[in-house]
Amino acid sequence: MSQRLSAPGTVRALLGPTNTGKTHRAVERMLQHRTGMIGLPLRLLAQEVYERIVALKGESQVALITGEQRRVPLEPRYFVCTVEAMPVQRPVSFLAVDEIQLAGHHNRGHVFTDRLLNARGVIETMFLGSDTIEPLLRQLIPTAEIERHPRFSTLRYTGPKKLSALPQRSALVAFSAEDVYALAERVRRRHGGTAVVLGALSPRARNNQVGLYQSGEVQYMVATDAIGMGLNMDLHHVSFSELRKFDGRTNRALEPTELAQIAGRAGRYQRDGSFGTLMALGALDPDTVEAIEQHRFPPLKKLFWRSSSLDFHSVPALLESLEARPPLPCFIQVRDWEDHEVLRAFTKDAEILAMIHSARATRLAWEVCSVPDFRKDLTDSHALLLAAALRQLLSPRGQLQEDWVETRFRGLDRTDGDIDALMTRMAYVRTWSYIAARDDWMVDAAAWRERCAQTEDKLSDALHQQLTRRFVEGGGRVWVQGLSAPEDSSHAVGRLNGLLYAPNPLAAPIRGPIREAVIAALKERLERAVVAPDAEWSLDDRGRLCWEGAPVATLIKGRQTTSPEVKLLRHELLTPPERERLRARAAAWVTARFDALFAPLRGPAVERLPPELRGLVYILQSALGTIRARETPLRLDKLSDKNRRLLASLQVRWGRDHLYVTSLLSPDALRLRALLWAIQRPGEGPQGLADDPVLPAVPAALGVERDKALPEDFYAALGYRLLGERALRVDEVERLIARVDGLTRSGPAVIPPNVGEALGGGLPALAAAIEGLGFEVRWREGEALRARRR
């Protein structure tokens, strides 16, 4: 029998411990309304609830909205969302927020507080969570109806246990990926296999791992605290391997309420559950045990808060509104959340500030700031990526350039590498999925969403296979990839790629015969590498120095712009003298490569030049082969015929505005010039994978559209001149100047469109370019382009 719908505006709180059916009741209640929305704390849980409702109502009636997922049919009746992604401005009859007590946690707490204060269903609102929030909830919403829900089953403490004594259907909990992997390896060795669940897993990978456990294929699970947020599994026992975690800021002890949230996953519905610790950790404090068993915890005294009344008139106004003081003493102001920090970073970028000159632009900047950093690599690469994206969104085009996105997405669908590599790529894909969820940010956002989803599925399947192979099928003979061939019952303890040995972080360090075999193989390869001809060495498309295609070293900034130095990659199994031999061979190759590149500007012929020309050549070489005429110490029009011939013999050409070296304009030379530019500015180029940096894309044509993500000096370093929204190679710039100068010699003249053929972009681009070159221009859409000398 259906329940009676609440009176208009009713707010109800369902409070109690885990395993009380609160989320289930909220979903049932929502489906009794004509429309509804529920906010859940995890993407994984949102996916689970979405699939449950779709099974009941069909895909056409249910929307799924998370940061990186957006499945919205034409006329959905029900919205399943993560709490952050809830479209609260959309009116619905029923609205619910799960785990509302998270308003008291520093991480994300201000979002839950905002939903508590401002998110309402037209007819009914329901907040679900622990009863620790009850006093503050009554204070903030005096009219709220409180319903307490007792746990269906008993949760009891069974003390510390050895790993070998853990009962079947147990979950072991650790609080970092590294600890999860190490613990899972111990469980595999002792019990034959385990499933692995981490919060960073995609729903598909998580479901596959849980499926191993639920089907009985394995009897154990090793997980992070991600299992504490409503993910329902057939767990009998939860065992803690540690009681501290790094929360993104500090390494702290877990609160008893947090331990209870995780322990409460043991025992579902009316079957009792138990919890404890591993023997090495020792026993839990008796007071903590009693609090968890009886679910008696001190009430929350404070909730985290940030103003949701934001002023978008300008960036300073937005920052001031974010700094607004809390209206009540029970609120703690949040001032260091990710989006706020990114906005502060934007204020230090003069180019971005100059582009934000309206409320619309300020709002757009704030929306870009909200793109989460799924990688959590503790660097500023995320802010740099968002800054590059914002420059493009604020440009006249108003969308991300497809080639810019393609460059950064390329390679993310690779399924090679270890578990960490796959999860790193998946984190990058999540970032692009979040961006693609905005229809107006990309040229074909729907296609990008589909591509992101397919890539995530591909990575998820590869990740599931790796986890299963390592922690379920593991055992038997060990082997080293690149040194010996695997057998069906083997697992890799590392990978030998060229002169690099990369240990498997999930395996024990190599010892004995395996270590001796790896070292012997490395020594043999080293001897071949140091005498190998130059043809066997190369620079890859990420600027790494390779021997036989395998990376050996990277290039770093040297004392001169055109003379980079070599930094070896990690070669721990080589002795210091062996590493020095390798470094010296690599450095010799690099020196020869760049001597050849800049050969016209080096050598005896340059030494024989008059002093004034030697200085000019030095400046030209330091600028990678191109300089503006106004930057030279000489009057080029006053050069003698002899000096002109000397410069021409060095492949130096000059025109009205530029000096350049013709051999340094070839595609291969441009690629090396881009590498030298990037070495001088670590962290300023486009951001790729942390372990897979992407060099700036070298222009593939004489004239290209400017990439707003790159500074002006990148184009200058490659011998391109920025003209409006286009960049044109300097030799073509001089040809363009000569053509227009010739046409306007006798006065104003019509400039034929084919004059700008190399530039590209049509008449608008040609008009902007000619004006940028110092000519007066008259042109309107549909008319001929006219120009004259100033």
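Visitor: Mind showing me how you'd approach the sheet that holds strand E33 (residues 775-778) here?
Guide: Whenever strands of a sheet pair, they do so through backbone hydrogen bonds, lying parallel or antiparallel. Spatially, E32-E34-E33 is the arrangement adopted by the 3 strands of the open sheet, whose pairing is antiparallel. At either end of the open sheet lies a strand with only one pairing partner, and these are strand E32 (749-750) and E33. Alignment of E33 against strand E34 (residues 786-789), held across 4 bridges, turns out to be antiparallel. Across the sheet, Glu776 pairs through a bridge with Arg788, a residue of E34. Lying on the sheet, helix H24 (residues 730-743) is in contact with E32, E33 and E34; it crosses E33 at an angle near 75°.

Visitor: Before we go on, may I ask you to explain the pairing of strand E30 (residues 720-723) in this structure?
Guide: On a regular strand, one side chain projects to one face of the sheet and the next to the other, so that they alternate. The pairing of E30 with strand E31 (residues 726-729) spans 4 bridges and is classified as antiparallel. Bridging across to E31, Tyr720 finds its partner in Arg729. Turn length for the E30-E31 hairpin, with the two strands adjacent in sequence and antiparallel, is 2 residues, and the turn residue Gly724 shows positive phi of about 65°.

Visitor: Even after reading the chapter, I still don't get the packing of aromatic side chains, so can you show me in this structure?
Guide: Aromatic ring pairs: the centre-centre distance and the angle between the two ring planes describe each pair. Within this structure, the stated rule accounts for 7 aromatic pairs. Ring centres 5.4 Å apart and planes at 45° place the aromatic pair Tyr157 and Phe275 in the tilted group. Of this pair, Tyr157 sits in strand E9 (residues 155-161) while Phe275 is found in strand E16 (residues 273-278), placing the two residues 118 residues apart along the sequence. Take Phe275: its relative accessible area is 0%, and that puts it in the buried class. Arranged with centres 5.3 Å apart and planes meeting at 75°, the rings of Phe714 and Tyr715 form a pair that is edge-to-face. Counting every residue linked through ring pairs, the aromatic cluster contains Trp677, Phe714 and Tyr715. Between the NZ or CZ atom of Arg169 and the centre of the ring of Tyr213, over which it lies, the distance is 3.8 Å.

Visitor: Can you walk me through the pattern of salt bridges in this structure?
Guide: Side chains that differ in charge, positive against negative, can pair when their charged atoms come close. Tallying each qualifying case throughout the model produces 54 salt bridges. In this structure, Arg204 engages Asp457 in a salt bridge whose closest nitrogen and oxygen atoms are separated by 3.5 Å. In this pair, Arg204 is assigned in helix H6 (residues 203-214) and Asp457 in helix H16 (residues 445-471), connecting sequence segments 253 residues apart. Note that Asp657 is salt-bridged to Arg656, the shortest N-O span being 2.8 Å. The network of salt bridges with common partners includes Arg12, Arg25, Arg29, Glu124, Glu145 and Glu147.

Visitor: What's the story with unusual backbone geometry in this structure? I'm lost.
Guide: Trans peptide bonds make up the majority, and among non-glycine residues the majority have a negative phi. Phi at Leu624 is positive, roughly 70°, even though this residue is not glycine. Mapped onto the fold, Leu624 is located in the loop between helix H20 (611-622) and strand E26 (626-628). For Leu624, a relative accessible area of 4% gives the class buried. The backbone phi angle of Gln651 is positive, close to 70°, even though this residue is not glycine.

Visitor: How should the side chain of Glu242 be read in this particular structure?
Guide: As for its position among the elements, Glu242 is in the loop between strand E13 (237-240) and strand E14 (244-246). The charged side chain of Glu242 is buried without a salt bridge, its nearest counter-charge being Arg244 at 7.8 Å.

Visitor: Mind showing me how you'd approach the nonpolar core here?
Guide: Membership of the largest hydrophobic core comes to 70 residues, with the highest contact counts inside it found for Phe346, Leu400, Trp404, Trp432, Met442 and Leu463. Contacts of Trp404, omitting those with residues within four sequence positions, involve Leu385, Ala388, Ala389, Gln392, Trp432, Asp707 and Ala709. Membership of the second largest hydrophobic core comes to 62 residues, among which are Leu499, Leu539, Val552 and Leu620.

Visitor: Help me understand the packing of helix H1 (residues 22-31) against helix H2 (residues 43-57) in this model?
Guide: To characterise two packed helices, one gives the angle between the axes of the helices and the distance between these axes. Where H1 contacts H2, the axes come no closer than 12 Å and their chain directions differ by 40°. The angle between H1 and H2 falls in the class oblique. Once H1 is placed against H2, the crossing between them reads as right-handed. On the side of H1, the interface is formed by His24, Val27, Met30 and Leu31, while H2 contributes Val49, Arg52, Ile53, Leu56 and Lys57.

Cut-offs applied
- Residues numbered from 1 in each chain as written.
- Predicted model: local features only at pLDDT ≥ 70, side-chain atom pairs only at ≥ 80, totals over all residues.
- Heavy atoms only, no water.
- Pairing = 2+ DSSP bridges.
- Helix = DSSP H or I, 4+ residues; strand = E, 2+ residues; numbered from the N terminus.
- Contact = heavy atoms within 4.5 Å.
- Axes fitted to C-alpha atoms, helices over the stretch in contact; angles between N-to-C directions.
- Phe/Tyr/Trp six-rings, centres within 6.5 Å; stacked < 30°, edge-to-face > 60°.
- Buried < 20%, exposed > 50% of the residue type's maximum accessible area, 1.4 Å probe, protein only.
- Lys NZ or Arg CZ within 6 Å of the ring centre and 35° of its normal.
- Salt bridge = Lys/Arg side-chain N within 4 Å of Asp/Glu carboxyl O.
- Lys, Arg positive; Asp, Glu negative; His and termini not counted.
- Core = buried A, V, L, I, M, F, W, Y, C linked by side-chain atoms within 4.5 Å.
- Parallel < 35°, antiparallel > 145°, perpendicular 65-115°, else oblique.
- Left-handed = near helix turned anticlockwise from the far one by under 90°.

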